[in-house]
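Okay, here's what each chain looks like letter by letter:
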Amino acid sequence: MPSGWTFTAQYYCDCLFDEIEKSGGKRSFEHGATLNISKTLFSESLKLSASGLIMLIDFDSVLELIFSTKERKKELTDNMKI
């Protein structure tokens with residue numbers, strides 16, 4: 001996209017076969033969505049990215065923030081402990 005922005009989104013549905021046997025033959029599905037936003041700066045020498053995943057049944061989620069240059073890639077979650 002113009003100005004160095006990139007947006008991607010995805011929806012998906014998985015059929016959980018193990019759950020079909022446990023539920024007596026009823027199909028069990030898991031729905032999720034992803035989103036990625038990134039911006040390149042300084043003549044494409046720096047890239048800032050944010051990616052997220054959310055599961056739409058239990059609303060489990062993940063967020064990943066990344067700074068990358070042509071030489072290195074650094075995730076903000078590398079040194080975080082909870």
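Residues numbered from 1 in each chain as written. Predicted model: local features only at pLDDT ≥ 70, side-chain atom pairs only at ≥ 80, totals over all residues. Heavy atoms only, no water.

**Focus: the overall build of the protein chain**
Short version of the rule: Runs of E in the DSSP output that reach at least two residues are strands. Runs of H or I that reach at least four are helices, and both are numbered from the N terminus. Think of it in three bands: residues with accessible area under 20% of the maximum for their type are buried, residues over 50% are exposed, and the middle band is partly exposed, with areas taken using a 1.4 Å probe on protein chains only. Contacts between residues were defined by any pair of non-hydrogen atoms, one from each residue, lying within 4.5 Å. Per-residue and other accessible areas follow the Shrake-Rupley method at a 1.4 Å probe size, with only the shown protein chains counted as cover for residues.
The secondary structure content of the protein chain amounts to 1 helix and 5 strands. Element order for the protein chain, N to C, with α for helix and β for strand: β-α-β-β-β-β. When the 82 residues of the protein chain are sorted by exposure, 11% land in the buried category. For the protein chain, restricting intrachain contacts to residue pairs at least 6 apart in sequence, the fraction spanning at least 24 positions comes to 28%. Accessible surface, the protein chain: about 6800 Å² in total, of which carbon and sulfur atoms supply 57%.

**Brief notes about the side chain of Ser-51**
Note the following rule: Throughout this description, a polar contact denotes any pair of N or O atoms lying within 3.5 Å of each other; where both atoms belong to protein, one of them has to be capable of donating a hydrogen while the other can accept it, and for residues adjacent in sequence the pair is counted only when both atoms sit in side chains.
Within the element layout of this structure, Ser-51 appears in strand E3 (residues 46-55). Here the side chain of Ser-51 touches Asn-36 through a polar contact of 2.7 Å, side chain to side chain. Setting aside chain neighbours within four positions, we find Ser-51 in contact with Leu-35, Asn-36, Val-62, Leu-63 and Glu-64.

**Describing the pairing of E3**
Threshold: Following DSSP output, two strands are said to pair if at least two bridges run between them.
Bridge count for strand E2 (residues 29-41) against E3 is 10 bridges, and the pairing is antiparallel. Bridging across to E3, Gly-32 finds its partner in Met-55. Counting the residues between successive antiparallel strands, the hairpin from E2 to E3 contains 4 residues, one of them, Phe-42, with a positive phi of roughly 55°. Looking at chain direction, E3 and strand E4 (residues 61-69) are connected through 9 bridges and run antiparallel.

**Here we look at the confidence of the model for the protein chain**
To be explicit about the condition: pLDDT is defined as a per-residue confidence score from the predictor, taking values between 0 and 100.
With 70% of its residues at a pLDDT of 70 or more, the protein chain shows a mean pLDDT of 77. Strand E1 (residues 5-15) holds the highest mean pLDDT among the elements of the protein chain, 89, whereas helix H1 (residues 17-22) holds the lowest, 61.

**A look at the packing of aromatic side chains**
Stated formally: Classification of ring pairs uses Phe, Tyr and Trp, with its six-membered ring standing for Trp, and accepts pairs whose centres are within 6.5 Å; under 30 degrees between planes counts as stacked, over 60 as edge-to-face, and the remaining range as tilted.
Within the structure shown, the criterion is met by 1 aromatic pair. Aromatic pair Trp-5 and Phe-7: ring centres 5.8 Å apart, planes at 10°, arrangement stacked. Taking relative accessible area as the criterion, Trp-5 reaches 37% and is therefore assigned partly exposed. You can call Phe-7 partly exposed: its relative accessible area is 44%.

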